[in-house]
Amino acid sequence: QVQLVESGGGLVQAGGSLRLSCAASGFIFNYYYAMGWFRQAPEKEREFVAVINWSGGNVYYADSVKGRFTISRDNAKNTVYLQMNSLKPEDTAVYYCATRHTTLLPSTVESYTYWGQGTQVTVSS
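Please read these numbers as outputs of a predicted model, since none were measured by experiment. (Residues numbered from 1 in each chain as written. Predicted model: local features only at pLDDT ≥ 70, side-chain atom pairs only at ≥ 80, totals over all residues. Heavy atoms only, no water.)

Enquirer: Whenever I open this one, the pairing of strand 1 (residues 3–7) confuses me. Can you help?
Expert: For a regular strand, side-chain orientation follows a simple rule: the groups alternate between the two sheet faces. Side-chain alternation along strand 1 places Leu-4 and Glu-6 on a buried face and Gln-3, Val-5 and Ser-7 on a face that remains uncovered. Bridge count for strand 1 against strand 3 (residues 18–25) is five bridges, and the pairing is antiparallel. Bridge pairing in strand 3 links Gln-3 to Ser-25. (Buried < 20%, exposed > 50% of the residue type's maximum accessible area, 1.4 Å probe, protein only. Helix = DSSP H or I, 4+ residues; strand = E, 2+ residues; numbered from the N terminus. Pairing = 2+ DSSP bridges.)

So this is what it looks like as structure tokens:
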């Protein structure tokens, strides 16, 4: 049974940093599973943030976070991370990790098979 458990969210001031983690279980984490991060603000649709391929060698970011966020993974720990720097109030959302068995870098909600329960990130101005 696939499980994705996010952690690391919280309240931070604008300009601050947070690191989110997503612990995965129930599948072979480094066997061609891409890991993505998405976010959903109140009354808005879920949107793509970043994705990393199975090996960690390729990444792709939404324009809104490029240069501020960094996605990484530790295949020995079955964990994917999202380092978020220079946070802005508009980054406030519930952040979700997701996975799909693919060698590509999917960036749409519909492309992913499994989802975590989310972790709240709130950035105050």
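After presenting the structure, the write-up continues.
Enquirer: Looking at this structure, how should I read a nonpolar patch on the surface?
Expert: A surface patch of nonpolar side chains, about 320 Å² in accessible area, is lined by Ile-28, Tyr-31 and Tyr-32. Residue Tyr-32 is classed as partly exposed on the basis of its relative accessible area, which comes to 33%. (Patch = residues over 30% accessible without salt bridge, like charges linked within 9 Å, V, L, I, M, F, W, Y side chains within 5 Å. Areas by Shrake-Rupley, 256 points an atom, 1.4 Å probe, with all protein chains shown as cover. Salt bridge = Lys/Arg side-chain N within 4 Å of Asp/Glu carboxyl O.)

Enquirer: Where do I start with the pattern of salt bridges in this structure?
Expert: Side-chain pairs of opposite charge can arise where the charged atoms are in close proximity. Within the structure shown, the criterion is met by four salt bridges. Arg-39 is paired through a salt bridge with Asp-91; the nearest N and O atoms lie 2.9 Å apart. Separated by 52 residues along the polypeptide, Arg-39 in strand 4 (residues 33–40) and Asp-91 in the loop between strand 8 (79–84) and strand 9 (93–101) bring together distant segments of the chain. Its relative accessible area of 5% is what places Arg-39 among the buried residues. Residue class for Asp-91 comes out buried when judged on its relative accessible area of 0%. Here Asp-63 ties to Lys-66 by a salt bridge, and the two come within 3.1 Å at their closest N and O atoms.

Function cannot be read off these values alone, since they describe shape.
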